Amino acid sequence: MCFMKYWAVWSALAVTLALSAACSSPTTPTPPPPPPPVAAPPTLTCTEGVSRATVNASGMAVSFDTPPVKDGQGSVSVECAPPSGETFPIGTTEVKCTATDSLNRKGECSFNVTVSKLAQLSKTRYLAFGDSITAGEVSFPLGSLSRGAGTITKQVVVPSAAYPTILLKTLQGRYASQADAMIVANYGLGGERTIFARDRYFQALNIVRPEVVLLMHGHNDIPAGENGAASGAASEIDIMAAEAARRGMRVFLGTLCPPRPGGNRTIGQIYIDDYNNRMRVVASRQGAVLVDVYNALLPEVTRYIGVDGLHPNEAGYAKIADVFFQAIQANLEVR
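The structure presented is a predicted model; accordingly, all values stated were derived computationally and were not measured. (Residues numbered from 1 in each chain as written. Predicted model: local features only at pLDDT ≥ 70, side-chain atom pairs only at ≥ 80, totals over all residues. Heavy atoms only, no water.)

1. A few points about the sheet that holds strand E5 (residues 77-81)
And then number 1: Pairing within the open sheet is mixed, and its four strands lie in the order E2-E8-E7-E5. Unpaired on one side and paired on the other, strand E2 (50-54) and E5 mark the two borders of the sheet. Taking each pair of neighbouring strands and ignoring which way they run, the sheet shows an average axis angle of 25°.
And then number 2: Two elements, E5 and strand E7 (residues 91-100), share five bridges in a ladder whose sense is antiparallel. Paired with Ala-81 across the bridge in E7 is Lys-96. (Pairing = 2+ DSSP bridges. Helix = DSSP H or I, 4+ residues; strand = E, 2+ residues; numbered from the N terminus. Axes fitted to C-alpha atoms, helices over the stretch in contact; angles between N-to-C directions.)

Below, the structure written as structure tokens:
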């Protein structure tokens, strides 16, 4: 009897607890973690530019590094137009690069590719033929003459001052891609007269086998104005130029230097003018390029011609080299 009583009480308590649990508020679920933050749009950093040089007139293939990208969501692709490895023409081309992320957001930058044309000559082997002024003789004063005006001088060959030496350095500097192939052979001989130079000239042609001949000769033929001296020397120059042309060589024909007043070896102006006019005729007849050394040095003759009145000094030889260089550049540089 007592058992039944306690069982009823226990059952009632269990039911009460069950109903209480059923009527209470449900437990609040744990919220999900927040989504990861979205990355900033992609950005690119381009280089300041790329410069290249080529001898090819149509341009060259240029490779460059892909610009580094920062930020962007997911995988980020970078494309440049024109792309690396493309052939770029001579001049400046703008390259535009675009980064695109997985949200299709874009970042851009640009830089220039500059391709320059290296200067080139169509011919690289030169023969400089002439007398002491080609050899590079420089006058040094030894003292005043005891009688009469003027100064005693001594001529010394200075190979480093000779115009062919300076010309070679100038050509190699301007046409760096051809520097190793550039030759300017100096066949200057002091005291030689043009009328006796033919055999030596032909020998020089056979040894050097030049593509271009630089002729400046005649100073020893005409100083005293002997009858026919200018004509005979000019005839020999004509023969030399014709032979070079026959062999397919270009000829650059230099006029004689102007005399410096007061020198003890000055050539009379009338003889200089006569001979230089003959050089103009020869150049025209043989299709040679006239290199007007005379008029290039004349405005500052005391600066360029040494104390003997005939031979250039170091500055004069440098000026002669520059005049020949300008003629070569104008006529033989590849455009």
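2. Here's the deal with helix H6 (residues 269-286)
And then number 1: Compared with the 26 Å implied by 1.5 Å per residue over 18 residues, the 26 Å span of H6 between its first and last C-alpha is a close match.
And then number 2: Among the residues of H6, Ile-272, Tyr-275, Asn-276, Met-279, Val-282 and Ala-283 are the ones counted as buried. For H6, the arc enclosing every buried residue in end-on projection is 110°, short of the 170-degree limit, so these residues lie on one face. In H6, the exposed positions angled more than 90 degrees off the buried face are occupied by Ile-270, Ser-284 and Arg-285.
And then number 3: Positioned one or two residues after H6, Gly-287 has a phi angle of 70°, which is positive. (Expected span 1.5 Å × (residues − 1). Buried < 20%, exposed > 50% of the residue type's maximum accessible area, 1.4 Å probe, protein only. Arc of directions from axis to C-beta.)

3. Let's talk about unusual backbone geometry
And then number 1: In the segment running from Ala-81 into Pro-82, the intervening peptide bond is cis, with an omega of -5°.
And then number 2: Turning to its location among the elements, Pro-82 is positioned in the loop between E5 and strand E6 (87-88).
And then number 3: If you check the backbone angles, Asp-71 has positive phi at about 65° while not being a glycine.
And then number 4: Within the secondary structure, Asp-71 sits in the loop between strand E4 (69-70) and E5.
And then number 5: Assessed through its relative accessible area of 40%, Asp-71 is described here as partly exposed.

4. Structural notes on the sheet that holds strand E9 (residues 125-130)
And then number 1: As summarised here, the arrangement of the five strands in space is E12-E9-E13-E14-E15, forming an open sheet in which the pairing is parallel. Of all strands in the sheet, those bounded by a partner on one side alone are strand E12 (183-188) and strand E15 (289-291). Strand after strand, the sheet turns through a mean of 20° between neighbouring axes, direction not considered.
And then number 2: By the bridge criterion, three bridges tie strand E14 (residues 250-254) to E15 in an arrangement that is parallel. Bridged to Gly-254 within E15 is Val-291.
And then number 3: Against the sheet, helix H3 (residues 163-174) makes contact with E9, E12 and strand E13 (212-216), and its axis sits at roughly 175° relative to E12, the strand it touches most. (Contact = heavy atoms within 4.5 Å.)

5. Some thoughts on helix H9 (residues 314-332)
And then number 1: The terminal C-alpha atoms of H9 lie 26 Å apart, and with 19 residues this matches the ideal 27 Å at 1.5 Å per residue to within 8%.
And then number 2: Among all positions of H9, only Gly-316, Tyr-317, Ile-320, Ala-321, Val-323, Phe-324, Phe-325, Ala-327, Ile-328 and Leu-332 are buried.
And then number 3: Measuring from the side-chain oxygen of the N-cap residue of H9 to the backbone nitrogen of Ala-315 gives 3.2 Å; that N-cap residue is Asn-313. (Polar contact = N/O pair within 3.5 Å; in protein donor to acceptor, adjacent residues only side chain to side chain.)

These figures capture arrangement, not role.
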